[in-house]
Amino acid sequence: MIRHLLPMPGLMLGAAAYAQTAPLPTPTPAATPPAHVAAPAPTRISDPVPVAPPRTYRLPAAAGRVAQANRNATREPSAAGYRNAVQIYPYAEGALYRVFAAPERVTDIALQPGEALVAIAAGDSTRWTIGDTSSGRGEGKRTHILLKPFSAGLATNLVVTTDRRSYHLELASTQATAMAAVSWIYPADTLIALRREAAAAEAARPVAAGVPLEALRFAYRISGDHPAWRPLRAFDDGRQTFIEFPAGIAQDEAPPLFVIGPDGTAELVNYRMAGRFYIVDRLFAVAELRLGGKKQRIVRIARDDGREPRGGRHD
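Residues numbered from 1 in each chain as written. Predicted model: local features only at pLDDT ≥ 70, side-chain atom pairs only at ≥ 80, totals over all residues. Heavy atoms only, no water.

Q: Would you explain the pairing of strand β13 (residues 233-236) in this entry?
A: Along a regular strand, successive side chains alternate from one face of the sheet to the other. Neither face of β13 is open: one carries Arg 233 and Phe 235, the other Ala 234 and Asp 236, and all of them are buried. Of the pairings in the sheet, the one linking β13 to strand β14 (residues 241-244) comprises four bridges and is antiparallel in character. Following the sheet pairing, Asp 236 is matched in β14 by Thr 241. Between the end of β13 and the start of β14, which pair antiparallel, lie four residues, with Gly 238 showing a positive phi angle near 90°. (Buried < 20%, exposed > 50% of the residue type's maximum accessible area, 1.4 Å probe, protein only. Helix = DSSP H or I, 4+ residues; strand = E, 2+ residues; numbered from the N terminus. Pairing = 2+ DSSP bridges.)

Here's what the structure looks like:
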């Protein structure tokens, strides 16, 4: 007997139910090409401020004039200015005083007795040892500035201010040459003392008072022989000429003074003596002190500033 296999009703119902309830697969839509979006414009950054290259400065013509003025104002050590180991400069406002120092040597800068130190400033305080001390007491108390370089070949400047004046020094260090001490004389103060002495003596014409310091000129060159009476320096106030001699001039024979004219002729000139100074009531370009017979000693005094004298009689 052959049996026919027919699907069961329940199975058919289940298939139909599945077909009705099962979700149909959703077809995948075709890929849509993305719309073209323009890239945002880059934000414009302003150009950086151009940096100018370093400027190359040319020394102006004035720099040459400054250098020349400094050279003219510099006072160098001189043999005639030494008293023992102390170089004595005549003080003048605005002058530059040369000071030589050396390693392992101390140089003493001595101020005027009674002068009080206010400040010291050095251009190079690293390679120079600079300090101060004092000597004496009372009215004779004196300030000393002590300086020493660390090595040779150094150069700087030193400014010293006091209750009376200011000093400008040009420092230079050498291998072995050092000035032991430096100090000053003060012609302006001496001039005041001379005027008082002249007025008290009443034998000499009094010197006019009230001459300003800037009127004093010290640019005189002393040359020739080296007798014991050789002058230390000469200066004028625009009307009179002052010649300073060593302290022992009072015990020595005083030499006569001759003014040398443009043609070379010598004319004996009148002068008066006050202490160790000759006071000449005139200005001159060249003069000579002469003393002796067959072996005459001659010392020449010549104005060396290249300027015409201001007032007064002169040659």
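Still more ground to cover, so stick around.
Q: Quick question: what am I supposed to make of the packing of aromatic side chains here?
A: Counted by the stated rule, this structure contains 12 aromatic pairs. On the basis of an interplanar angle of 45° and a centroid distance of 5.2 Å, the ring pair of Tyr 89 and Tyr 97 is categorised as tilted. The same class applies to Tyr 89 and to Tyr 97, which are both buried. Of the aromatic side chains, those joined through ring pairs into one cluster are Tyr 89, Tyr 91, Tyr 97, Tyr 167, Trp 184 and Tyr 186. The lysine or arginine in question, Arg 165, covers the ring of Tyr 91, its NZ or CZ lying 5.3 Å from the ring centre. Arg 290 extends its terminal NZ or CZ atom over the ring of Phe 258, reaching a point 5.2 Å from the ring centre. (Phe/Tyr/Trp six-rings, centres within 6.5 Å; stacked < 30°, edge-to-face > 60°. Lys NZ or Arg CZ within 6 Å of the ring centre and 35° of its normal.)

Q: What is the right way to look at the sheet that holds strand β2 (residues 82-83) in this model?
A: Strand pairing within a sheet occurs via backbone hydrogen bonds; the two strands may be parallel or antiparallel. The six strands are arranged β2-β3-β11-β5-β8-β7 in an open sheet whose pairing can be described as mixed. A strand with exactly one partner marks an edge of an open sheet, and here the two such strands are β2 and β7 (128-135). Summarising the sheet, β7 and strand β8 (residues 142-149) pair through eight bridges and their orientation is antiparallel. Within β8, the residue paired with Thr 129 across the bridge is Lys 148.

Q: Sorry, what's going on with the environment of Phe 245 here?
A: Here Phe 245 lies in the loop between β14 and β15 (257-260). With a relative accessible area of 0%, Phe 245 lands in the buried category. In the structure, Phe 245 is positioned 32 residues away from Phe 277 in sequence and 6.1 Å away in space, judged by C-alpha atoms. Ignoring sequence-local partners within four residues, the contact set of Phe 245 consists of Trp 229, Pro 231, Leu 232, Pro 255, Arg 276, Tyr 278 and Leu 289. (Contact = heavy atoms within 4.5 Å.)

Q: What am I meant to see in the environment of Arg 300 here?
A: Looking at where Arg 300 falls in the secondary structure, it is placed in strand β20 (residues 297-303). With 40 residues separating them along the chain, Arg 300 and Ile 260 place their C-alpha atoms 9.6 Å apart. With near-sequence residues (within four places) excluded, Arg 300 lies in contact with Arg 221, Ile 222, Ser 223, Val 286, Ala 287 and Glu 288. At 2.7 Å, the side chain of Arg 300 and the side chain of Glu 288 are in polar contact. (Polar contact = N/O pair within 3.5 Å; in protein donor to acceptor, adjacent residues only side chain to side chain.)

Treat this as a map of the structure, not an account of what it does.
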